[in-house]
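Chain residues, written in single-letter form:
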Amino acid sequence: MKKNLLISLVLLATNIYAGGPWTPKKGGGYFQLQPTIPIGTYNKLFLKNNKDLNLNHSVIDFNFDAYLEYGITNKLAFIGTASTKYVSVKNSTVNKSLFAAGNQKIALKYKLREKKTLTSISINSEIYTSSANLNYGLSTGYMSNAIGLMLHYGGSINDKSYLYIEGGYFYRTHNYSDEVKITTEYGYKIKPKIWLAAVIDIKESTFNGTKKTPELEQTGLYPNNQEYFAWGGKFIYESEKQYGLSISSFGAFSGNYVAHLATLNIGIYKKW
C-alpha cells in the first residue's frame, strides 16, 4: 500500500507495513496472511484503575487473518480483513471451545495530502459475523457492528526511518459502548531488507453503552467496555520481489477486561 508517493524516502519507509497514511497506486495492493498466537493460556485480566481479575479457568484466544489492500485510484484504497478465531475455556470441570468467524472488517481510505508527510482519512466498518456460547463465556468477536472515522498522518523522517500516528472514533450498535482508537508506529531500517518497528496501540471505551456482558467479562473474550494500552515490536524482512515476512509480539501495559498475556504474530505478505 506504500507506493506512488512523491519522494523515494517515503517509498523506502512505507514498503514494510500495511497501515498509516499511505495508499497503493491504482491497481496496486498488499495481501497478508497472519495468525495471532497467544503465548500460552491466561487466567488473569486487567481491570480499570490498576486492578486485576483472577479467573478460575484458563482461556485461549487464537486468531487467523487474511488482509487485503487494493488501490481503486492513486488516492483511494479498499481494505478488507477476513478473520477466523479459535477460543476455549478450561478448568477442572469445564473444557469447551469454539471455532468460528470473527468480526469481518472493510474500509475505504482516501489520501488527502501528499507532500513529505502524508494525511489520509478512512471510513471503517466492523461486521457482526462472530459467534458465541455465553454459557461458557466464549465469543469469537464483539456481538455488534461498528463504524468509525479515522485520520492518518505521518511519513519518512529520513532514508532509514518513518513515523506515523492514526486515530479515530467508532460507533457501536447493539447497545455496546463507542470507542476511541489511537495507534502510533516508528520504524527503523537496520539493513537494506530488514526493518524493526515499535508500536503503541490504544483503545478506550466511552462507557456510553448499556449492554451487559457478565459471562464474557469472566473470560476477556470481547465484552462491552473492553480497553487496552498495548505496546509491541516488529521485525520485517522483504525480498526484492516484494514478498515479505513480519514477526511481531504485543502485550498490554493496562486495560479493562483484557488478558495478562502477550501474543506472537507471524505474517507472510505480497505486494504488487
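Structure shown above.
If you're wondering where the values come from, they're calculated on a predicted model, not measured in any experiment.

Draft legend 1. Representation of the pattern of salt bridges. Overall, the coordinates contain 10 salt bridges when judged by the stated rule. One salt bridge connects Glu 179 with Arg 172, and the closest N-O pair in it is separated by 2.8 Å. Since its relative accessible area comes to 2%, Arg 172 is described here as buried. The closest approach of N and O atoms between Lys 271 and Glu 238, which form a salt bridge, is 3.1 Å. Here the residue Lys 271 occupies a position in strand 17 (residues 263-271), and Glu 238 occupies one in strand 14 (residues 227-238), the gap between them amounting to 33 residues. Side by side, Lys 271 and Glu 238 carry an identical accessibility label, which is buried. Through salt bridges with shared partners, one network takes in Glu 126, Arg 172, Glu 179, Lys 181 and Lys 203.

Draft legend 2. Looking closely at the pairing of strand 15 (residues 243-256). When strand 14 meets strand 15, the two strands line up antiparallel, connected through 12 bridges. Opposite Glu 227, over in strand 15, you have Asn 256 as the bridge partner. Here strand 14 folds back onto strand 15 in antiparallel fashion, the turn holding four residues, of which Gln 242 has a positive phi close to 65°. Here strand 15 runs beside strand 17; their pairing, made up of eight bridges, is antiparallel. Along strand 17, the bridge assignment pairs Ser 246 with Gly 267.

Draft legend 3. Structural context of the environment of Pro 192. Secondary-structure assignment places Pro 192 in the loop between strand 12 (179-191) and strand 13 (194-205). Note: C-alpha distance between Pro 192 and Ser 239 (47 residues apart in sequence) is 9.8 Å.

Draft legend 4. Broad picture of empty space enclosed by the protein. Applying the stated criterion to the full structure yields two cavities of 30 Å³ or more. Its volume calculated, the second largest cavity comes out at about 50 Å³. Along the walls of the second largest cavity sit Tyr 142, Arg 172, Tyr 176, Ser 177, Asp 178, Glu 179, Ser 205, Pro 223, Asn 224, Asn 225 and Gln 226, which together make up its complete lining. Residue classes in the lining of the second largest cavity are distributed as three nonpolar, five polar and three charged.

Draft legend 5. Examining unusual backbone geometry more closely. Look at Asn 175: it is not a glycine, yet its phi comes out positive at around 65°. As for its placement among the helices and strands, Asn 175 is situated in the loop between strand 11 (161-172) and strand 12. Given a relative accessible area of 51%, Asn 175 falls into the exposed group. You will see that Tyr 257, though not glycine, has its phi angle at about 55°, which is positive. Overall, the relative accessible area of 19% leaves Tyr 257 in the buried class.

What counts, and where the lines are drawn
Residues numbered from 1 in each chain as written. Predicted model: local features only at pLDDT ≥ 70, side-chain atom pairs only at ≥ 80, totals over all residues. Heavy atoms only, no water. Salt bridge = Lys/Arg side-chain N within 4 Å of Asp/Glu carboxyl O. Buried < 20%, exposed > 50% of the residue type's maximum accessible area, 1.4 Å probe, protein only. Helix = DSSP H or I, 4+ residues; strand = E, 2+ residues; numbered from the N terminus. Pairing = 2+ DSSP bridges. 1 Å grid on protein atoms, 1.4 Å probe; cavity = no way out; pocket = protein on both sides within 12 Å on 5 of 7 lines; lining within 4 Å. Points joined across faces, edges and corners; volume = space filled by probe spheres on them. Nonpolar A, V, L, I, M, F, W, Y, C, P; charged D, E, K, R; others polar.

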